[in-house]
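The lines below spell out each chain.
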Amino acid sequence: MGKYIVALDQGTTSSRAVLFDEQARIVAIKSYEFEQIYPQPGWVEHDPQAILNTQVDSLKEVVKMSGINPADIAAIGITNQRETTLVWDRKTGMPMYNAIVWQCRRTAPIVKQLCEDGYEEHIRKVTGLIPDAYFSGTKLKWILDHQNLHERAKAGELCFGTVDSYLAWNLIKGRPHVTDATNAARTMLFNIHTNEWDDVMLKALDIPREILPKVLDSSGVIGMLDPTILGCEIPVAALAGDQHSALFGQGCFAPGMMKNTYGTGCFLLMNTGDEPATSEHGLVTTIAWRIGGKCTYALEGSVFIGGAAIQWLRDEMHLITRASESEVVANSIPDNGGVYLVPSFTGLGAPYWDMYSRGTIVGLTRGTGQAHIVRAALESIAFQSADLVAAMAQDCGAQPMELRVDGGASANQFLMQFQADILNCRVIRPAVIETTALGAALMAGLAVGVYKDMDEIARIWAKDLELDPQMTERQREQELAGWHKAVKRSMNWVEPEI
Ligand code: ADP
């Protein structure tokens, strides 16, 4: 049995490979960026070959850098940017179009039509999602329609897949056409209750079953790595969407446990156990992972502008020169001075869902300075996350015990302390912040027996920082009241296009 596990973390801007030892410590890490293609405003694409090449190169390089024998790798796990959609030729592997990226808005009219045709309720109930161009289903329809591929799709000559599926097909011996339940759950074509593709949605979008991948567990041996890549066969033993993998990598195995990833945006997921929870507050229901044929479910909410607010301070407002400087500036004043910044640059997501809201700064006085704006931007990340936690708590009827955090902006201790204060709950940052990669590695390790069970994995998970709330109840209420008042002021700002 080999001693190492490799995670392939195929992200939106880069492909990385992370080599872990059995104790889930990082031995080596390598990533390569690739081009973002913007053919029209609001459209985003990736070159499938670039995704594949950067991923294979990072795998080869991480093994080379570490100096290990590839035969000592016990398993490989794959985690990926979700929803991004590809179609390729089943015989040759030739992509039929560029990958349409999750951010791409080109299929908004298809979603509008679905809603007008009365599918909204069905989509919510069966797929757990809110009808949106974000998810794969309408992107797949667009490729079939615009490349005139319906006949070939029906004849079984084509494969549809998300990035996990595309990588599995290209990297695994025998070219299996597969995906896992977490990725399937983001297509808007999958019944998360029965774990089957949904005939109603397939019919609504005119998608033939012949093009769909087989849906597997998230943790389980899929096949062997093509030996031409590293010179030996290695079991590929996990597939999972990035946020699901991060929830696993954070060891959030019990219902009620939650993690928040502070990147460009923030992604908050809470484990809800064996039963899918339904949200009354605009959160989506998703499969956290499927292991041994059994699904664990999660509620998910996202903040559109998280760390991006700090980028804005740096690149547009020039109030800081580096993201990390925001911490020093925020700590240079005792409080926010009554200033609130709502970074709804592209509208507000859950629980408000107001696409007409725009960025707003309120509470300015003659004494307001640059530091107040910087501090208010950091606080807005925590406030928005707190709104999601509150929505989840209301949907599940339980208060959070702790919040596990990761992502670039979780390095900011001011932000993390403020998050603990405003949530009135403990914030814990793990030793390994590469939780997305870690989750895929742990799932792969579990599948090949490096780890006996999830209890063993939970014991390996280690924390680095733990912050307890320090704010008084009264102050917290005041802060939250100020924030919610500011959110109200930001809402309904731009006029709907007629
Ligand atoms: P992504 O995966 O979305 O690219 P990362 O997890 O790499 O994001 O985090 C990058 C984001 O975190 C950027 O938006 C950046 O502004 C923010 N960020 C990074 N370091 C800090 C910091 N010390 N304080 C606040 N924000 C930070």
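Residues numbered from 1 in each chain as written. Predicted model: local features only at pLDDT ≥ 70, side-chain atom pairs only at ≥ 80, totals over all residues. Heavy atoms only, no water.

(A) Structural context of the overall build of the protein. Of the regular secondary structure elements, the protein holds 17 helices and 23 strands. Radius of gyration (C-alpha) of the protein: 22 Å, near the 23 Å computed for a compact globule of 498 residues. Considered along the principal axes of its C-alpha atoms, the protein spans approximately 70 × 55 × 40 Å. Buried positions account for 60% of the 498 residues belonging to the protein. Long-range contacts, defined as pairs at least 24 residues apart, comprise 72% of the intrachain contacts of the protein with a sequence gap of at least 6. Total accessible area computed for the protein in this model is approximately 20,000 Å², and 50% of it derives from carbon and sulfur atoms. Charge separation in the protein, taken as the distance between the mean sites of 43 positive and 59 negative side-chain charges, equals 1 Å. (Helix = DSSP H or I, 4+ residues; strand = E, 2+ residues; numbered from the N terminus. Rg over C-alpha atoms; globule rule 2.2 N^0.38 Å. Buried < 20%, exposed > 50% of the residue type's maximum accessible area, 1.4 Å probe, protein only. Contact = heavy atoms within 4.5 Å. Areas by Shrake-Rupley, 256 points an atom, 1.4 Å probe, with all protein chains shown as cover. Lys, Arg positive; Asp, Glu negative; His and termini not counted. Charge placed at Lys NZ, Arg CZ, Asp CG, Glu CD.)

(B) Structural context of helix 3 (residues 120–127). Those residues of helix 3 not exposed but buried are Ile-123, Val-126 and Thr-127. Projected down its long axis, helix 3 shows its buried positions confined to an angular sector of 90°, all on one face. Helix 3 presents Glu-121 and Lys-125 as exposed residues on the side facing more than 90 degrees away from its buried surface. Of the surrounding elements, those touching the buried residues of helix 3 are helix 2 (108–116), strand 10 (190–191), helix 8 (199–204) and strand 17 (284–291). Phi turns positive, to about 80°, at Gly-128, one or two residues after helix 3. (Arc of directions from axis to C-beta.)

(C) Quick look at the packing of aromatic side chains. Enumeration according to the criterion identifies 16 aromatic pairs in this entry. Here the aromatic rings of Trp-43 and Trp-142 are separated by 5.6 Å at their centres, their planes lie at 85°, and the arrangement is edge-to-face. Note that Trp-43 is positioned in the loop between strand 3 (26–33) and strand 4 (45–46) and Trp-142 in helix 4 (residues 136–146), a separation of 99 residues in sequence. The pair Trp-43 / Trp-142 is uniform in exposure class, with both members buried. Ring centres of Phe-253 and Trp-289 lie 5.9 Å apart, and the angle between their planes is 85°; this geometry places the pair in the edge-to-face category. (Phe/Tyr/Trp six-rings, centres within 6.5 Å; stacked < 30°, edge-to-face > 60°.)

(D) Region of the structure containing unusual backbone geometry. The amide bond that connects Ala-350 to the next residue, Pro-351, takes the cis arrangement and shows omega of 0°. Secondary-structure assignment places Pro-351 in the loop between strand 19 (340–342) and strand 20 (360–362). Phi is positive for Met-188, close to 70°, though the residue is something other than glycine. By the secondary structure assignment, Met-188 is in the loop between helix 7 (181–184) and strand 10. Accessibility expressed as a relative area gives 1% for Met-188, which makes it buried. Unlike most non-glycine residues, Asn-424 shows phi in positive territory, near 55°. With respect to the helices and strands, Asn-424 occurs in the loop between helix 14 (413–423) and strand 22 (426–430).

(E) Quick peek at helix 17 (residues 473–490). Taking 1.5 Å of rise per residue, the 18 residues of helix 17 would be expected to cover 26 Å, and the 26 Å separating its terminal C-alpha atoms lies within 8% of that figure. Buried within helix 17 are the following residues: Arg-476, Glu-479, Gly-482, Trp-483, Ala-486, Val-487 and Ser-490. What you see down the axis of helix 17 is that its buried residues fit within an arc of 135°, all on one side. Along helix 17, exposed side chains directed more than 90 degrees from the buried face belong to Arg-474, Glu-477, Lys-485, Lys-488 and Arg-489. Those residues of helix 17 that are buried lie in contact with strand 19, strand 20, helix 13 (370–396) and helix 14. One or two steps after helix 17, the chain reaches Asn-492, where phi turns positive at roughly 55°. (Expected span 1.5 Å × (residues − 1).)

(F) Highlighting the site of the ligand. Thr-264, Gly-307, Gln-311, Gly-408 and Asn-412 are the nearest of the 13 residues found near the ligand. With the chains in place, 68% of the 580 Å² that the ligand exposes on its own is no longer accessible. With four residues, helix 11 (residues 307–315) is the largest single contributor of residues to the shell around the ligand. Counted by class, the shell around the ligand contains four nonpolar, nine polar and no charged residues. (Near = heavy atom within 4 Å. Nonpolar A, V, L, I, M, F, W, Y, C, P; charged D, E, K, R; others polar.)

(G) The side chain of Asp-180, seen in detail. With respect to the secondary-structure elements, Asp-180 resides in strand 9 (residues 178–180). For Asp-180, which is buried and forms no salt bridge, the nearest opposite charge comes from Arg-290, at a distance of 7.7 Å. Polar contacts involving the side chain of Asp-180 include one to the side chain of Thr-182, which spans 2.8 Å. Among the polar contacts listed, one links the side chain of Asp-180 to the side chain of Asn-183, at a separation of 2.9 Å. Sequence-distant contacts of Asp-180, defined by excluding residues within four places in its chain, comprise Asp-164, Val-215, Leu-216, Asp-217, Ser-218, Leu-239, Ala-240 and Gly-241. (Salt bridge = Lys/Arg side-chain N within 4 Å of Asp/Glu carboxyl O. Polar contact = N/O pair within 3.5 Å; in protein donor to acceptor, adjacent residues only side chain to side chain.)

(H) Molecular detail of the pairing of strand 6 (residues 86–89). Neither face of strand 6 is left uncovered, since the one carrying Leu-86 and Trp-88 and the one carrying Val-87 and Asp-89 both have all their residues buried. In the sheet, strand 6 pairs with strand 8 (residues 158–161) via four bridges, with the strands oriented antiparallel. Its bridge partner being in strand 8, Val-87 is matched across the sheet by Phe-160. (Pairing = 2+ DSSP bridges.)

(I) Structural detail: the side chain of Gln-417. One can find Gln-417 in helix 14. When its relative accessible area of 15% is taken as the criterion, Gln-417 is described as buried.

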